[in-house]
Structures are given as structure tokens and as C-alpha cells.
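As a plain string of letters, each chain reads:
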Amino acid sequence: MADISAPAATPFRLSMLLYDRRYRSMTIQVFVFILVMAFAWWLVGNTIQNLRVMGKDFDFGFLGQRAGYDIPSPPIPYTSDDTHLRATIVGLLNTVIVSVLGCIAATVLGITVGVARLSNNWLFARLMTIYVEMFRNIPLLLWILIVYAIFTEVLPPPNAYRGEDPAASMILFDNVALTNRYTAIPSLGMTNNPGDLDLGYRILINWAVIAFAVVLIGGWFLRKAVLNHAQKVQDATGDRPVTWWKNLAIMTVPSLLLIWYFGLHLVPPELKGFNFAGGLNVQNGFVALWLALTLYTGAFIAEIVRAGILAVSKGQSEAAFALGLKPNWTMNLVILPQALRVIIPPLISQYLNLTKNSSLAIAVGYMDLRGTLGGTTLNQTGRELEAIVLMMLIYLALSLIISGAMNVYNNRVKLKER
């Protein structure tokens, strides 16, 4: 009878690290890791030695020193007597605000233009093509400077709105005033103000904001419960109950009740003396940066959306039309859901680019992270290495957060294949 027992295992030898494919890839990875760590060790040691020769050290103690400079329209309370750390936080919040608003506006603009480029209207489609080619082929910095120049050189001064026959007039039902110094927009007012919650460090949050946040989060969970119940009913009976009016009521009625209870209303800006008061005066630097980021990134997103739509087989559209779906239903229910799996990965890169491109704010004097930590703080303290390293780590953290959040969304909407 033949012996079918398993062959004896080959004893391990050092030469197997190179010649055995089971160990060779691991050997190469360990070797590369050691080289990278050695280079990093040499780089850090060389930097510390050079700093010592220059009479410097590597210390972040400067963040606790007095900043001594002002930041226009800070999102949290700030004065020149605060520390460089608080100035850095203000700059970071300004970066986050312009990045979030830019991503939202660029997405809306990009989707609209991307769909419009596929329109059967020849003139409309060509106009969208001109927009895309103009904005994506000219550097962003030039667009920021152009938009800022338009705001500062073309728009009238605030006193042009004065008098019975003013030289300039407000727009949007006399609620917005465009001037060469700032843009005056309505602010939110309350007749029944519930007061603020003190979080410490002079950071206050109005109780009304907390109430709206609780209502919206609770409504989201309640809406999810309604949808899960509808799915169970459909699985059991084959009939899906109507849920749209329940979801609409869940998401709107509590918010409307809060608006009524707090007496929430818009406070339009009003010219008093030399400036507008009552509303909110937004810096032209912020508006120019946000507008330029939106127009520039929107052009790239438009091409991503167009490519995603074209990636869907034409037979899908033909099948939807054969079933009697209207063109807008075909786009919303058939084309876009399938195109999202192609659109979202490059869309993440555009969001990351927009966030990093916001550092060009220094060109128009908007005090973002680059203007505070990487600008005035760096120049005042002479801690260039610490400031740049800290700024790089903050931008890295922001990018990783955006990438992680979008990857989670991508996993939720991508096609589930068996």
C-alpha cells in the first residue's frame, strides 16, 4: 500500500527570507520600514542640532503667550489680550466654516452644472461648458483676487445707501447690502431668548440652538424608526404603508413649534451713521474666498458628476422611459443612485482640495489657520518650525476626518453585490 502521509515540514533557514516567496515580501517591508525610520531619526536629530546651534529649542510654550493682534469677526469671543492658542482656535474655526460652506455650495453648483452639461439644449450645454473650462483652467489664486477686486473696486461704499435718494439700493427685498467694505446680511433675532449655556473659556451656546439640535437629532431617529416599521410591514404583507407625510411632520412640526415659541425672526441690516447695524456684516475677504472656492471647485465637481452619469449604461435610461418614468424621475430614481458609486470617490478628493485651498485666504486678509498660526503668530514668536509642524498636523487631521466621513457615506450608498 502506498504511503499518503503529509511530507515533513522544511526546517527554516535564513536564506528563505530572500528566496522563499512566503517570507520575501515581509523581508522587504521590514527593510523599507527600517530605512524610513532611520531617515526620520536622522532628520529629527539634524534639525534639533541645527536649532541648538542657532540658540533655539523645540517648544510649544509660545501658544500660552499673549497674541497681541486682532481678528475681525471671530466666531468665538476673542481679544488681542488672548493667547496664541485661542487665536489658533479662531483661525481653525474660520477655516472649518469657509470649508464647510464651500463644500456645500460647490456640491450644489457642481451637480447642477454637471447635469446641465448633458442637456439637449445646445446653447445651455455650451454655456455650462464655457464655465467649466474657464474656471478649472485658471489658477484659484487669480480667481480669489479677481472676485475680491470686484467687491472692493466695483461695489459702492456704505454711505451710498444713505439719504432719500441713495446712489445704491439693497437687494433681496431690502435685506442684503453689498458694499466695498463688507456684505450686510440679516441676522437671527428672538423675542423670547432663553439665554446661553456657558461652556467655559468664554464659549457660550444659546439654549435655542441646543433645543433645535435635540429636536433634529430626535427627529432623525424617529424617522428611521418609521422607515424600519414600514419595511417590516412590507416584508410581512407585501404592501408598504405611506410614510412621507409622517416623515415630513416629524422633521418640520417640532422645528416650527420651536420657531414660534422662541419668536425666531430675521433682523435686517439698517444703515446707522457710517455703517450698517442690526444685521450681520460679513467681511468681503470671506465672501470673496468662499465664492472663488465654490466656483473653482464646482467646475471640477461638474465634470465628476457628468462622468458618473455617463458611466451608467444608456440601457438603464431606455428601460426607465419604457416603464413610463418622466425624465426627472429617471434621473433622480435610476441614473443618479447608480452614478453615485462613481461620483463619490473623486468627490472626496475635491473636498480635501477645497479645504487645503482655503489656506489661500491670506491673499485677501481673511484670518484662517494660515493667517493666524502660520502668519501673525509665526512672525511674532519666531517659532517657525513649531508653527508649521502644528499647522501641518491640523490640516492632516481635518483631511483625515473629511476622508473618513465620506468613506463611511460611500460604503452606505455603494452597490451591494452578492
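Not measured: the values here are computed from a predicted model.

What counts as what
- Residues numbered from 1 in each chain as written.
- Predicted model: local features only at pLDDT ≥ 70, side-chain atom pairs only at ≥ 80, totals over all residues.
- Heavy atoms only, no water.
- Phe/Tyr/Trp six-rings, centres within 6.5 Å; stacked < 30°, edge-to-face > 60°.
- Lys NZ or Arg CZ within 6 Å of the ring centre and 35° of its normal.
- UniProt positions renumbered as here; feature names shortened; annotations may be inferred.
- Helix = DSSP H or I, 4+ residues; strand = E, 2+ residues; numbered from the N terminus.
- 1 Å grid on protein atoms, 1.4 Å probe; cavity = no way out; pocket = protein on both sides within 12 Å on 5 of 7 lines; lining within 4 Å.
- Points joined across faces, edges and corners; volume = space filled by probe spheres on them.

Asker: Please explain the packing of aromatic side chains as it appears in this structure.
Answerer: Geometrically, a pair of aromatic rings is defined through the distance of the ring centres and the angle of the planes. One pass over the full model with this rule turns up 11 aromatic pairs. Among the aromatic residues, those joined into a ring-pair cluster are Phe58, Phe60 and Phe62. One residue, Lys326, lies across the ring of Trp329, its end atom 5.8 Å from the ring centre.

Asker: Any chance you could explain the UniProt feature "domain: ABC transmembrane type-1" (unreviewed entry) in the protein here in plain terms?
Answerer: In the numbering adopted here, UniProt assigns the feature "domain: ABC transmembrane type-1" (unreviewed entry) to residues 92-406. Between the end C-alpha atoms of residues 92-406 there is a gap of 21 Å, over a span that is 66% helix and 10% strand.

Asker: Would you take a moment to explain the UniProt feature "transmembrane region" (unreviewed entry) in the protein for this structure?
Answerer: Within the UniProt annotation, "transmembrane region" (unreviewed entry) is assigned to residues 23-44, 96-118, 130-151, 199-222, 248-267, 287-309 and 387-409. The distance from the first to the last C-alpha atom of residues 96-118 is 33 Å, and the span holds 91% helix and 0% strand. Taken end to end, residues 287-309 is 100% helix and 0% strand, and its first and last C-alpha atoms sit 32 Å apart.

Asker: Mind showing me how you'd approach the layout of surface pockets here?
Answerer: Gaps left between atoms show up when a probe the size of a water molecule is rolled over them. Considered as a void within the structure, the largest pocket measures approximately 570 Å³ in volume. As for the largest pocket, its lining consists of 18 residues, and the residues nearest its centre are Leu118, Ile309, Ser317, Phe321 and Met331. If you list the elements that add at least two residues to the lining of the largest pocket, you get helix 8 (284-311), helix 9 (314-322) and helix 10 (327-357). For the lining of the largest pocket, the element with the most residues is helix 10, which contributes 6 residues.

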